[in-house]
Amino acid sequence: MDPVVKVVIAIIGLSVFMRLRHSFRKSRMGDKAERINTKLEELRRKRDEE
C-alpha cells in the first residue's frame, strides 16, 4: 500500500476513536449531573427542615 493511503486510513481511524471517546465521556457527564442534582435536592430539603 502507498504510504499516503496508510496515513489517510490512520487519520480516519483516529478521528473515529476520538468521536467515540467524546460521546462516551459526554454520556457519563449526564450521569454525574443527575447525581449532583439529586444531592442538591437532598441538601435543600435538609436545610428547609432545619
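Residues numbered from 1 in each chain as written. Predicted model: local features only at pLDDT ≥ 70, side-chain atom pairs only at ≥ 80, totals over all residues. Heavy atoms only, no water.

Engineer: Can you lay out the overall build of the chain for me, pointing to particular residues and giving the numbers?
Structural biologist: Counting secondary structure elements, the chain contains one helix and zero strands. Relative to a compact globule of 50 residues, whose C-alpha radius of gyration would be 10 Å, the chain shows 22 Å and is clearly more extended. Considering the chain as a whole, with its 50 residues, one finds that 0% of them fall into the buried category. Seen as two clouds, the 13 positive and the 8 negative side-chain charges of the chain have centres 10 Å apart. (Helix = DSSP H or I, 4+ residues; strand = E, 2+ residues; numbered from the N terminus. Rg over C-alpha atoms; globule rule 2.2 N^0.38 Å. Buried < 20%, exposed > 50% of the residue type's maximum accessible area, 1.4 Å probe, protein only. Lys, Arg positive; Asp, Glu negative; His and termini not counted. Charge placed at Lys NZ, Arg CZ, Asp CG, Glu CD.)

Engineer: Can you tell me about the pattern of salt bridges, naming the residues and giving the values?
Structural biologist: One pass over the structure, following the stated rule, counts two salt bridges. Two residues, Asp 48 and Arg 47, come together in a salt bridge whose shortest N-O distance is 3.9 Å. Of the residues examined, Arg 47 reaches a relative accessible area of 56% and is grouped as exposed. (Salt bridge = Lys/Arg side-chain N within 4 Å of Asp/Glu carboxyl O.)

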